[in-house]
Amino acid sequence: MTTLTLGPAGTYSHRAAQAVADGDDIEFLESVTAIVEAVADGDADRGVVAVENSIEGSVTESLDAFAEYDVAVVQEIITPIRHALLAQDEEFDTVASHAQALAQCRGFLEEHYPDANLEAVASTARGVQRAREDASFAAIGHPANAADAEELQVLAEDIQDQSSNATRFLVVAPAEERSDAGSKSSFIVYPDVDYPGLLLELLEPFADRDVNFTRVESRPSGERLGDYVFHMDVAAGLYEERTQEALADVEDIVEEGWVRRLGSYDSETVLY
Ligand SMILES: O=C(O)C(=O)C[C@]1(C(=O)O)C=C[C@@H](O)C=C1
């Protein structure tokens, strides 16, 4: 089985993927859109992508890729994220990391390195590579990246702005592997209409049946300003009658648009 995740090696996504791959092959791409597309095309068995962080919120590129490519979500992985500042020495002038990681450490950077330039790169591991090659760069990433690179030192640990920093990853699989079994479910709703009370109408079928939302997120549809796609997660399986009935009601409401079931899955918390 081949699992694709965000690379190069050493990213947090790589760590989450190791929990799924169980010793099988892990390959890397530098864009989550490309990972989701490759899984949809059947070029990989699994993809592991970040979707949400407790400090910074949604990884919008992942959500948009789920709306664009037909994949199944088969598992959720939650991991604590503890960032370190890595550099050859204190003489750096630029901090390179994934945009999410830079944002998760905003307070630390403003307090300790207010004059540093910030450079968003494709992943934390790409930032580490930058810092290895060039002493004018520091990186934010998992501290273990320094152990594999003798030229790098850990200048500070636990630099995230909240100690309980955690990221949610979803494991995607080809659409035909979509399952109705699991304690959580994700789906995407595109109403393609707009009128007062529409969102309330979309939520009521779940409230009426005691189905708890764990997340509702709107993303621009890209069609026109003010037109949205809704990403919804519930704490119930698609196999459950209450979920099926609520989704059937939603399908009636959005007959102009579409509903995509991403699937039901269980959640695992992975510590590393
Ligand atoms: O750059 C990495 O190491 C990643 O795995 C990406 C990512 C993200 O997309 O949020 C994953 C976990 C952390 O929240 C920071 C970055």
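Just so it is clear, the model here is predicted, and its values are computed rather than measured.

This part is about the UniProt feature "domain: Prephenate dehydratase" (unreviewed entry) in the protein. Those residues carrying the UniProt feature "domain: Prephenate dehydratase" (unreviewed entry) are residues 2–174 in this numbering. Segment residues 2–174 splits into 32% helix and 35% strand. End C-alpha atoms: 12 Å apart.

This brings us to the site of the ligand. Every one of the 15 residues lining the ligand counts as a neighbour, but T11, S13, Q100, S123 and T124 are closest to it. Going through the elements one at a time, α1 (12–21), β3 (46–53), α4 (99–104) and α6 (124–133) are the ones with two or more residues in the shell around the ligand. Grouping the constituent residues of the shell around the ligand by class yields 7 nonpolar, 8 polar and no charged. Taken domain by domain, the shell around the ligand gets at least three of its residues from each of domain 1 (2–81 + 165–177) and domain 2 (84–157).

Burial runs high along α1: 7 of the 10 residues are buried. Along α1, the residues that are buried comprise Y12, S13, H14, A16, A17, V20 and A21. Here the buried face of α1 lies against β1 (2–6), β2 (25–29), β3, β5 (71–80), α6 and β11 (166–174). Positive backbone phi, at 55°, marks D22, one or two positions downstream of α1.

The sites that UniProt annotates as "domain: ACT" (unreviewed entry) are residues 187–264. Each end of residues 187–264 is marked by a C-alpha atom, and these two atoms are 9 Å apart; helix forms 31% of the span and strand 33%.

For the α-helix, the turn length of 3.6 residues means that residues three or four positions removed from each other point alike. Here helix α9 (residues 241–253) spans 19 Å end to end across 13 residues, near enough to the 18 Å set by a 1.5 Å rise per residue. Residues of α9 that are buried include every one of T243, A246, L247 and V250, and no others. Angularly, the buried residues of α9 cover 100° about the axis, an arc narrow enough to put them on a single face. Set apart from the buried face of α9 by more than 90 degrees, the exposed residues are E241, A248 and D252.

Let us look at the pairing of strand β12 (residues 184–190). For β12, a buried count of 5 out of 7 residues is recorded, marking the element as mostly surrounded by other parts of the structure. For β12 and strand β15 (residues 258–269), the ladder comprises 7 bridges, and the chain directions are antiparallel. Within β15, the residue paired with Y190 across the bridge is W258.

Inspection of the secondary structure puts T33 in helix α2 (residues 32–40). Taking the number of C-beta atoms within 10 Å as the measure of exposure, T33 has 15 and is therefore partly exposed. Distance from T33 to F66, taken between C-alpha atoms, is 8.6 Å for residues 33 residues apart in sequence.

With that settled, the discussion passes to the domain arrangement of the protein. The domain boundaries assigned to the protein delineate domain 1 (2–81 + 165–177), domain 2 (84–157) and domain 3 (184–266). Each of domain 1 and domain 2 has a C-alpha centre, and the two are 23 Å apart. Each side of the interface is counted separately: domain 1 has 15 residues, and domain 2 has 13 residues. Of the residues in the side of domain 1 that touches domain 2, the class split is 7 nonpolar, 5 polar and 3 charged.

Thresholds, definitions, all that
- Along every chain, residues carry numbers that run from 1 in the direction the sequence is written.
- Under the rules for a predicted model, residues below a pLDDT of 70 receive no local features and side-chain atom pairs below 80 are neither given nor counted, while totals for whole chains, interfaces and linings still include all residues.
- UniProt positions are given in the numbering used here, feature names are shortened, and annotations may be inferred rather than shown by experiment.
- Every helix listed is a DSSP run of H or I at least four residues long, and every strand listed is a run of E at least two residues long, numbered separately from the N terminus.
- Being near a molecule or strand means, for a residue, that its backbone-placed C-beta atom lies within 6 Å of it.
- Gly is placed with the polar residues, together with every amino acid not listed as nonpolar (Ala, Val, Leu, Ile, Met, Phe, Trp, Tyr, Cys and Pro) or charged (Asp, Glu, Lys and Arg).
- Each domain span listed reflects an automatic or database assignment of domains.
- Three exposure classes are used, all based on how many other C-beta atoms lie within 10 Å of a residue's own C-beta (placed from the backbone): buried at 20 or more, exposed at 12 or fewer, and partly exposed between those limits.
- Throughout, a pair of residues is in contact if the C-beta atoms placed from their backbones lie within 7 Å.
- Here the expected span of a helix is defined as 1.5 Å times the quantity of residues minus one.
- It is the directions from the helix axis to the C-beta atoms whose arc is reported.
- Here the rule is simple: two strands pair whenever DSSP picks up at least two bridges between them.

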